[in-house]
Each structure stands twice: as structure tokens, then as C-alpha cells.
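# Observations on chain architecture
Read off the chains here:
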Amino acid sequence: MIQVGLNHFLVLSAVLFSLGIFGIVTRKNAVMVLMGIELILNAANINFIAFAKYGNFGYQGQLIALFVIVLAAAEAAIALAIVLNIYKTFSTVNVDEIDTLKE
Amino acid sequence: MQDSLLIKLAVVILFLPLIGFIVTVFFGKSVKKVYVFENLVLIASFILASILLYGKLNYYIDTDLFSEFEWINLGEVPLLGLISIKLGLMLDNVAAIMIWTVMLISLVVHIFSIDYMKGDIRYNHYFAYLGLFTFSMSGIVLTHNILMMYIFWELVGLSSYLLIGFWFEKKSASDAAKKAFIVNRIGDIGMFIGILLLFITYQTFSFDSIFIQLADGKLPFNSEFWLTATGLLIFCGAIGKSAQFPLHVWLPDAMEGPTPVSALIHAATMVAAGVYLVVRVFGMLTGDALLIIAVFGALSALIPATIALTQNDIKKVLAYSTVSQLGYMIMALGVGAYTFAFFHLITHAFFKACLFLGSGSVIHNMHHEQDITRMGGLRKKMPLTYAAFLISSLAISGVPLTSGFLSKDGILAGTYAFASLTGHWLFPLVGFFVAMLTAFYMFRLIILTFHGEPYDKEKYEHAHESKFAMAMPLVVLSILSIFFWYTPNPIDPGEGWVLSKWIKTPEIFTPVETRYDFMKPDENAAVDHSSAVVYSSSYTEAMHNAHYPAMFLSLIVAGLGILLAFLFYQWKRIDPDKLANKFKPLYNLSYNKWYFDEIYDATFVAGTLMLSKFLGWFDLKVIDGIVDGSAAVTKGFSKFSGMFDNIVVDGLVNFIAILSGFVGLIFRKMQTGKVQTYIVMVIFGLVILLFLFKSF
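Let me begin by describing the structure that accompanies this report. Every value quoted in this text rests on a predicted model; they were computed, and no experiment measured them.

Calculation notes
- Residues numbered from 1 in each chain as written.
- Chains lettered and ligands numbered in written order.
- Predicted model: local features only at pLDDT ≥ 70, side-chain atom pairs only at ≥ 80, totals over all residues.
- Helix = DSSP H or I, 4+ residues; strand = E, 2+ residues; numbered from the N terminus.
- Rg over C-alpha atoms; globule rule 2.2 N^0.38 Å.
- Contact = placed C-beta atoms within 7 Å.
- Expected span 1.5 Å × (residues − 1).
- Bend = angle between axes of the 7 residues up to and from the residue.
- Axes fitted to C-alpha atoms, helices over the stretch in contact; angles between N-to-C directions.
- Parallel < 35°, antiparallel > 145°, perpendicular 65-115°, else oblique.
- Left-handed = near helix turned anticlockwise from the far one by under 90°.
- Nonpolar A, V, L, I, M, F, W, Y, C, P; charged D, E, K, R; others polar.
- Buried ≥ 20, exposed ≤ 12 C-beta atoms within 10 Å, placed from the backbone.
- Pairing = 2+ DSSP bridges.

The subject of this paragraph is the overall build of chain A. Looking only at helices and strands, chain A has three helices and zero strands in total. Computed over its C-alpha atoms, the radius of gyration of chain A comes to 17 Å, more than 25% above the 13 Å expected for a compact globule of 103 residues. The dimensions of chain A, computed from C-alpha atoms along their principal axes, are 50 × 25 × 25 Å. By sequence separation, contacts in chain A at least 24 residues apart represent 47% of the contacts at least 6 residues apart.

Let's shift gears to the overall build of chain B. Across its full length, chain B holds 26 helices and two strands. For 696 residues, the compact-globule estimate of 2.2 N^0.38 gives 26 Å, and the C-alpha radius of gyration of chain B, at 37 Å, exceeds that figure by more than 25%. Here the C-alpha coordinates of chain B stretch approximately 150 × 70 × 60 Å along the principal axes. For chain B, the share of sequence-separated contacts (at least 6 apart) that also reach a separation of at least 24 residues comes to 79%.

We now examine helix 6 (residues 171-202) of chain B. Taking 1.5 Å per residue, 32 residues should reach 46 Å; helix 6 of chain B reaches 45 Å between its end C-alpha atoms and fits that length. The largest bend in helix 6 of chain B comes to about 25°, at B:Ile186.

What follows is about the packing of helix 13 (residues 314-334) of chain B against helix 18 (residues 426-450) of chain B. Packed helix pairs are specified by the crossing angle of their axes together with the interaxial distance, meaning the distance between the axes. Residues and elements named next belong to chain B. Close contact between helix 13 and helix 18 brings their axes to 11 Å; oriented N to C, the two are set at 160°. Put simply, helix 13 runs roughly antiparallel to helix 18. Here helix 13 runs over helix 18; the crossing is left-handed. Counted together, Ile314, Val317, Ser321, Ser324 and Met331 of helix 13 and Phe427, Gly431, Val434, Thr438, Tyr441, Met442, Leu445 and Thr449 of helix 18 form the full contact between these two elements.

All names here are of chain B. Axis separation between helix 3 (residues 93-116) and helix 10 (residues 259-269) bottoms out at 9 Å; the angle between their running directions is 175°. Regarding the angle of helix 3 to helix 10, the classification is roughly antiparallel. Here Thr101, Val102, Ile105, Ser106, Val109, Phe112, Ser113 and Tyr116 of helix 3 lie close against helix 10, whose contacting residues are Thr259, Pro260, Ala263, Leu264, Ala267, Ala268 and Thr269. Residue composition of the contact of helix 3 with helix 10, by class: ten nonpolar, five polar and no charged.

At the junction of the two partners, chain B supplies nine residues and chain A supplies nine residues. A per-class count over the side of chain B that touches chain A returns four nonpolar, four polar and one charged.

Right, let's talk about the pairing of strand 1 (residues 65-77) of chain B for a bit. Both faces of the sheet carry side chains from a regular strand, because those side chains alternate between them. All names here are of chain B. Little of strand 1 is tucked away: one of the 13 residues are buried. Sheet topology note: the strand 1/strand 2 (residues 81-91) ladder contains eleven bridges and is antiparallel. Paired with Gly75 across the strands is Ile83, a residue of strand 2. Where strand 1 folds back on strand 2, the antiparallel hairpin that results is connected by three residues, among which Leu79 adopts a positive phi of roughly 75°.

Our focus in this paragraph is helix 17 (residues 403-422) of chain B. Residues and elements named next belong to chain B. Spanning 20 residues, helix 17 covers 28 Å between terminal C-alpha atoms, matching the ideal 28 Å at 1.5 Å per step. Most of helix 17 is tucked away: 17 of the 20 residues are buried. Residue Gly423 follows helix 17 closely and has a positive phi angle near 90°.

Our focus in this paragraph is unusual backbone geometry. With a phi close to 55°, A:Ser91 is a non-glycine residue in the positive phi region. With respect to the helices and strands, A:Ser91 occurs in the segment after helix 3 (60-90). Judged by the 8 C-beta atoms lying within 10 Å of it, A:Ser91 falls in the exposed class. You will see that B:Ala243, though not glycine, has its phi angle at about 55°, which is positive. Here B:Ala243 shows up in the loop between helix 8 (224-241) and helix 9 (250-253).

This is the structure:
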């Protein structure tokens, strides 16, 4: 029976993080990109929880994880609003086409 | 009579001819009769000069009159001290006699010219130039300083240029004028250097103060050698102006001018200036300088005399005889026979003017024929001219009862005495030989011109005696060539008033040890370095002893010369052509004037031309080459610099611009504007940074 330790959590969070990055980078839909961001936030949350459990930080990790979940909710709300505005402006949510920044 | 009055008179005499010149030259074209004014001016000058001479000789015979004013005051000059240049007049007996002679000759030449030049297109200008000539010569005669003398010296050069080249339409005349001017200039360079040396040494130009300082023992560069050199340099001026060997070549060419001008040049206004200059500076000439001067004089007496033997142009013969006679005077000055030199200057002025005006009369009446071999028999047609010519020829040949005998005999005696004192027997030898030559060529001239059969019958028939204006000067001058004006005793000039009273043996101011022995004061006499007449008694004695031998010898040689001339040309006992053929080289040498012109042409003229050509070439090729070269170098350099700018500097700038552009081009690609790309880059960057810093 394999003992589940810190490393397992860290690897899980790293995989999640990578998936999130991958989602951000490869998805063309802005909503999917936002979902990638959620993945990254959650990967960070796992890290916090894991370090809180295996380290001697008390409950600080859990607390920050809670904050991050709240923050993620707020962020999702604002981001979706931005996406809506983008759609209004460019009639698309394809991030490839929204490249006016370069001009 | 006041002395200031005499000086004022001298000033008036000096400036009258100038006024005549100015008026005549400015109204020459508009007023036809303006030449009359010039003649009146000359008459006035002559009368005033006569009064001047009278006053000087009667009231101030032993005092020299001065008048000077400050011309330029330079104040304190570094190295030289106080410099103030003064101009002024000096009136001693020599100047008074000379100015009278100049005025008389000039006057008769003026009068003679009225007829002679009639019909010339520049009639009035001719008289104007004569006036200028007279003015210039008066300046030389009357001045008391050598600077003013130099100024007038050059004025004489200018007027001679104008008059010799008066008929400048003729190439030969304008050439002769240029030649006279240039040859004179050569002598003047020496004179100018001499004057500067004098000025540097004595801080003054005036003869008088130079002499005083010299007597105090002040020498140029403190050396007797330089005193000799200064004297000789000043003598250079006389060589040029008095047409002495080797600068005598201009005088025969100067015959291109109108004949009365020749008379003026030869008698009074130009060639006399050189002798007069030596007379003026006689007191500062050392024995060495005098000896060299005597050598030049002897050469100038001898060479032209031999040339005159074979010339056929009536004026050329006279010209060479002038050079020869001037050589006599210079030689006389060189051997210390100062008084006789000046005496000869005066007597020569009269008879040479007479000869020239006589030849002018002949030429005028023979319709400008100058070749004596084409004349002949004119005695009957022109008795007055003949008589005048004969008297002056006798005078120049040194026949008794003439003025020429007195002065020439004096010179010969002077050389004789000099030789007996110093042993230089060549001088009297040359003197007597030239006396014979002179007699010979003068009578050759007379016989060919006036005796025998006419060569050209037609011209002969048309010939006639000159009118009053041309005859009168001849009469006056020939009368002045007779002895009684100068001395009551026709064989001894020493008894005459000219030599015993008027012209004094000069004072000599050179240091005693540099003089000729006979010019040193007698040992038993009180030695006074700064004082007066210092010919020793030995000289007086030698002169006395020389008098009779010299007189007889000169009589013999003159008689011989005349006799030979008659044998050759009158009685035709000896055929001159045969003799010429026999001594062909000698004859050619004489006929071609010793090839002086050819030698000068080949050496100096050709040399100058070559030098000019070389310099022209040098200018054109080297100097221009250098300029062009530097321009080309500059141009090349600019081109290079431009290229450097264009290629290297601009290239560098452009390269940097291109490089930045290129870099920009690359990095622009990264700025896609896509957030996703940026994120990828951020991640890559993070990963790289992680790897980089992992060891820390």
C-alpha cells in the first residue's frame, strides 16, 4: 500500500497547473481560457492545503485556500463580464482575433 | 652782392627749366607756339646763370655757398641714431661754372633745334623734354647732397630715354632708348648701394658733412677697404652715365635720337654727369679706388678710340670720340689731375656740342644722310659749318690755340706726372696713343665729309648753308673752343684764370695712409689731418717737369694723327682699304665695335632671356605645378574624406540603423498581441530563470 505523501499532492498540483497553462495557451475560446485559470488557482489551492497538512503552519494554508476560492469566484464573475464586453466589442470570444494590443 | 641772393638765383635757375617743361608739355598740343616760351625760359636761365657765375667768381670765389632745408625728419631711428634728411644747394666754383656751361649748351641746342626739328609732329614735346633734361642736369650740378643728386640722376635717365626714343616709331630708336635706360640702370644699382653705404655710415647724404666726418676718421664699417669699395660703387653710377667701359654700349646707340639731343647728351647734360659725380666725390676716393677708376678711364679712352677709326656714320664717330674723351677725364681724375679733368669737361662740352651741332647741320642739309663715305666736298657749300667743325676738331685733337689743347695737354701732363711718381707708365702711353687716334679719326671725318669730291652730286647740289638759328650756335660754340676764354697764354693753361683761380685742387679727406703717395702731406709741413689741399710738393714738381715733355709729345702725336689722316684720305698716298685688308682681324674688330654688343647679346641679354625663360618655365611648371598639385592633393583628400564620410561614417550609422531595424524586425514578431503567446513566453522565461538560478 503506497503511503500518500506530500509529493503526491505536489505532483497532482503540478499536473493541474500544467493542464491549466495548457488550457490557457491552447484554447481559443475565452471562456475555456478562464477555465484554465480556474485550474491553475485550484492547483495552487492543493499546494496550500498540502503544505498546511505536512508542514507546521497551522491552519493558515486552509485559510488562504478559502480566500483563493472566494477570489476565484469574484474573478470568474469579473472575467465573464469582461468576456461579455469583449464579445460585445469584437463579436467574438476567440482570443486569437483579439490582438489589438499589438497595434 | 648777398650770398643768399646767389642761392636764390640758383634756385630760380634750377626751377625755370622745370616750369618751361611743365608749361610746354601741358600746352604742347593746344598751343602751337608754346616752344617759344620754352626757349625764352632757357634764355632767361642762361642770363641768370651768367649773373650767377659772375657773382660767384667775383664776390665769393673762395667761399662755397650753402642752403639747405630739412626734408624728412625721421627722429630717432634704431641702430642709426637721429636721422634727418636734408635737401639743399651748394654753390662752389665747380657748380657755378658747370651750371653756366649746361645752360649755355642747352640754350644753343634749343635754338639749333628750332630749325632742325621744324615740321616734326611732336615739335613742342621735343622742347618740353629738352627742358626736363636741362632741369635734371641742373639739379645734379647744384645739389649739395648725394640723395638729391641720385634723384636728378634718375631724372636725367628718364629724359634721355624720352629724347633718345623721341622718334619711337622707329624700332631702332625705341630700342636704343631702352638700351640707354637699362644700361644706365646697371651702373645706378652700384651707385645706389654706395649711397646707402654712405648713409649707413654717416647718417647724412650731404657731401659736406660726409667729408667732415671722413676727415675725422670715420670709415664705412671702420675699414679702409670699405671706403674704397664705397667710392667704387658710386663710381659705378658714373660708369653708366658717362658711358665708360664696359657700359659704354648705350652711347653710340643713343645716336638714334635727334642730333641736337646728341649734342646735349654728349656735351652737357648726361655724360658730363658721371664725370661731375666723380668730381664731387673726389675727396672721399682712396688711392686704390682712384687707380681702378684710372684703369677704367684708360680703357674707355682706348677702346672707343680704336672703334671710331673705322666707323662710317658721322654721329657714331662722334659718339665714340665722346666715350673716349670721357675716358680721358675719368682717367685724369683717377691719376689725380682733378682740375684738368674738370677743365676738359668744360672745354669738351663746347667743342663736342659744336661738333654734334655741326654734324646735325650737315645731316639736315644732306637730307638725313649720315654716312660719311657718301658725303664729300661740302666745304664749298657749307663754309660756316666747315669752319666751326674744323675749329672744334682741332680742339678735340689738341692742336695749340684751342681750348682742347689746354685741357688735353693738362690731362696728358697729369698722367705723365703720375707715371713718373708712381711708375704706372701705361696711363700716359694710352693717353698719347689715344690722342693720336683722336686726331686721326677726327680728320678722317672732316676730310671725308668736307673735302674731296662729292659722292652724290644731286644731294650735293641741294646742300646749302644753314640758316641763322642753326648757324649761330655753331659760331658761338666754336668761338668758345678757342684758348683766350680760358688763359692768356695759349700753351700754358696753368697761367689762365680758369685753373689758377676758378678751379682749385680739391681737398682730400681720406685717411692719409690710403692716399697716393703724392697726395700725402709733405713731411716737413705741419701735418693736419683734417685740413685742406694736400698734394705734396713732389706732385707740383712732377707736374711742372711733365708740362713740356707732355706738351711736345702731345703736339707730335696730334700732328702725326692729322698727317696720317691726310695721307690716307686727302692725298690718298696710302689706301685705307688695302691696309684694312692687310689687318683684316684688327679692322673687323674695330669696325664691329670690338663685338661688345654681340658679346653682351650673347652673354647678358641671352643670359637674361634664358633666365627669364627658365623662370617662366619654372613658374609655369613648378610653381603652378605646386599650386595645381596642392589643389589636386586637396581635391583628392576631400574626395577621400567624402568617401570616408559616405561609406564609413554613414555606413556605420546606416549599419546601426539597419541592425536595429533588423533586430526590431525579429523582435517585432514576438509582439503578436496575443495574450496566449505572451503567457507561453512568460512560462518559458520562468523555466529558463528557474534553471539559471536553481543552484542558488
